[in-house]
Amino acid sequence: MVRMKWAAALAAAAMLGAPALAQDKPKELVVGIATFLSGPASVFGVPGKNAADLLIEELNANGGVLGVPVKPVYVDEGAGTNQLLSEYRRVVQEQGAQVMFGAISSGSCNALAPVAEDLKVVNVMWDCGTQTIFEEGKWKYSVRTQAHAGAEMMSTLLYLMKVKPDFKTIAVVNQDYAWGRESWALFQAGLKALKPDVKVAAELFPKFGAPDFSTEITRLSALRPDVVLSTSWGGDLDTFVQQAAARGLLKQSTFVLPLAESSLERLGNVLPEGVIIGGRGDHYWLHPKHKNSPEMLSFVKKYKDKTGVYPIYPTFHMAQAVIGLAKAYEKAGQAAGAKWPSKEQVIAAFEGLEFKSLTGTISIRSDHQGLEDQLLGTTKRVPDYPFAVYDKMALYPGKLVTTPLGEKSLEWFAKVKPDLVRDKSIETFDYAK
């Protein structure tokens, strides 16, 4: 019964208006999906693919999008930027994709946005976090169905200020590419506004995909900063945490890992209590408000039955992209009348769109940027699971922590006020089985 409720919820967005469009329907809606299928980031990208397989199968079983079945075509983001761009074009030009989901890496999204404009294809940025996409450029054919680094770093900063307000030193260990550099720049700008006396002990940027962090760990062990921030993710984060734990570093400083939700199960008993963690949004299968909803229970069961593990935040990002696309087609279909909606009508339909996700409500602004809530917590060890879970959680409304429309994130962070730390709209929760 739970499974059917989730199926119905997903399909509802797709089926409205289907009969009116029947005469002009294509045989299938080809959707290209760029994700990491190889390399260290595949621990993050393959779960996204697994979620897409499940969601699209569910969607097609209930009629597809406006009565048309969806055909996913996957592109390996791990093959490198040049190959990614080539495959992206090929899927559109040779396989007829009307929609592309691209991508995970912020660098990939920066590279793909102008290509989508050239190809005039709907480009759903299903996971990448760089805030510069829509702040420094206007992309007609691109839309993001989740938050950007601004919301994620602001909520992380506010949570750190709430639970450890007296820290005096901080170090950063981030991957050396767009996401690692930009997320630290944002965090540091906000930190200067809220705690200008904090000393930055070290800024360390190891190469993306680095297999050894002994140099960084040795330096941190010597410096002993109060806080260590790392917005790294995937295999890089796993390796760094495992090596840092082996050297006792995780007990020496307060670690802040805003993307660690995706690594909790893989790290098992390596991650101790007291680590600040997040999941790039409010994505968490044990979400304090939605863990027992029929839709969540169904999704978690189906995903775990298929993969043997619990869903992580890229799977929720994928769900938002699939549901959001179906809702946009529904809206565009109603506007198109008796015809299948054009790509221009579909991308226009995203503006002002609101839809329910597994953990809340997503809204798309006029600049094509999505708003979503942010969930942060502190690790706790419980007998229920062989890995750490969230405790002392704080849920930050998307509108509260997202850079206002028309402003630049760095400038907004630089003028943040201390009263935002304890804004009345922030909800708090403790772990409960």
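Colleague: Would you explain the sheet that holds strand β8 (residues 227–229) in this entry?
Modeller: Strands pair in a sheet through their backbones, by hydrogen bonds, and they do so in one of two ways: parallel or antiparallel. Spatial ordering of the open sheet is given by β7-β6-β8-β9-β10-β14-β15-β16, a layout of 8 strands whose pairing is mixed. Each of the sheet's edge strands pairs with one partner strand only, and the pair in question is β7 (199–204) and β16 (427–429). In this sheet, adjacent strand axes meet at a mean angle of 20 degrees when their direction is disregarded. When strand β14 (residues 374–380) meets strand β15 (residues 389–396), the two strands line up antiparallel, connected through 6 bridges. Within β15, the position partnered with K380 by the bridge is V389.

Colleague: In this structure, what is going on with the packing of helix α2 (residues 42–61) against helix α11 (residues 294–307)? I would like to understand it.
Modeller: The relative placement of two packed helices is expressed as an angle between their axes plus a distance between the axes. Orientation of α2 relative to α11, taken along the N-to-C sense of each, is 120 degrees, at an axis distance of 11 Å. The angle between α2 and α11 places the two elements in the oblique class. Seen from above, α2 lies across α11 with right-handed handedness. Each of P47, N50, A51, D53, L54, L55 and E58 in α2 lies in contact with α11, whose residues at this interface are F299, K302, Y303, K306 and T307. Of the residues belonging to the contact of α2 with α11, the class tally is 6 nonpolar, 2 polar and 4 charged.

Colleague: What's the story with the side chain of T35 in this structure? I'm lost.
Modeller: Tracing the backbone through its elements, the reader meets T35 in strand β1 (residues 29–35). T35 gets classed as buried once you look at its relative accessible area, which sits at 0%. Within the local environment of T35, its side chain forms a polar contact with the backbone oxygen of G45, the two atoms lying 2.9 Å apart. Those residues in contact with T35 that sit more than four places away from it in its chain are G45, K49, V75, D76, E77, G78, I104 and W126.

Colleague: What's the story with the pairing of β1 in this structure? I'm lost.
Modeller: Moving residue by residue along a regular strand, the side chains alternate between the two faces of the sheet. Along β1, 7 of the 7 residues are buried, which leaves the element largely enclosed by surrounding structure. Covered by surrounding structure in β1 are L29, V31, I33 and T35 together with V30, G32 and A34, the residues of both alternating faces. Pairing of β1 with strand β2 (residues 70–76), which is carried by 7 bridges, proceeds in the parallel orientation. Bridge assignment links V31 to a residue of β2, and that residue is P72. At this point the chain moves from β1, through α2, to the parallel β2, and the crossover so formed is right-handed. With 3 bridges joining them, β1 and strand β3 (residues 99–101) adopt parallel strand pairing.

Colleague: How do you make sense of the side chain of T156 when you look at a structure like this?
Modeller: Positionally, T156 belongs in helix α6 (residues 149–163). Not counting the four nearest positions on each side in its chain, T156 is found in contact with F187, V256, P258 and L376.

Colleague: What is the right way to look at the environment of A414 in this model?
Modeller: Here A414 lies in the loop between α15 (409–413) and β16. In this structure the C-alpha to C-alpha distance between A414 and E344, which are 70 residues apart in sequence, comes to 37 Å. Apart from residues lying up to four places away in sequence, A414 is in contact with A189 and A193.

Colleague: Whenever I open this one, the pattern of salt bridges confuses me. Can you help?
Modeller: A pair can form between side chains of opposite charge whenever their charged atoms are brought close. A complete count under the given rule lists 14 salt bridges for this structure. Ionic pairing is found between K49 and D53, a salt bridge with its closest N-O pair at 2.9 Å. In this pair, K49 and D53 both sit in helix α2, 4 residues apart, roughly one turn of the helix. For K49, a relative accessible area of 23% corresponds to the partly exposed category. For D53, a relative accessible area of 22% translates into the label partly exposed. Notably, a salt bridge pairs D238 with R266, separated by 2.6 Å at the nearest N-O pair. You can see D238 sitting in helix α9 (residues 234–246) and its partner R266 sitting in helix α10 (residues 264–267), a full 28 residues away along the chain.

Thresholds, definitions, all that
Residues numbered from 1 in each chain as written. Predicted model: local features only at pLDDT ≥ 70, side-chain atom pairs only at ≥ 80, totals over all residues. Heavy atoms only, no water. Pairing = 2+ DSSP bridges. Helix = DSSP H or I, 4+ residues; strand = E, 2+ residues; numbered from the N terminus. Axes fitted to C-alpha atoms, helices over the stretch in contact; angles between N-to-C directions. Parallel < 35°, antiparallel > 145°, perpendicular 65-115°, else oblique. Left-handed = near helix turned anticlockwise from the far one by under 90°. Contact = heavy atoms within 4.5 Å. Nonpolar A, V, L, I, M, F, W, Y, C, P; charged D, E, K, R; others polar. Buried < 20%, exposed > 50% of the residue type's maximum accessible area, 1.4 Å probe, protein only. Polar contact = N/O pair within 3.5 Å; in protein donor to acceptor, adjacent residues only side chain to side chain. Right-handed = clockwise from strand over helix to strand, strands pointing away. Salt bridge = Lys/Arg side-chain N within 4 Å of Asp/Glu carboxyl O.

These figures capture arrangement, not role.
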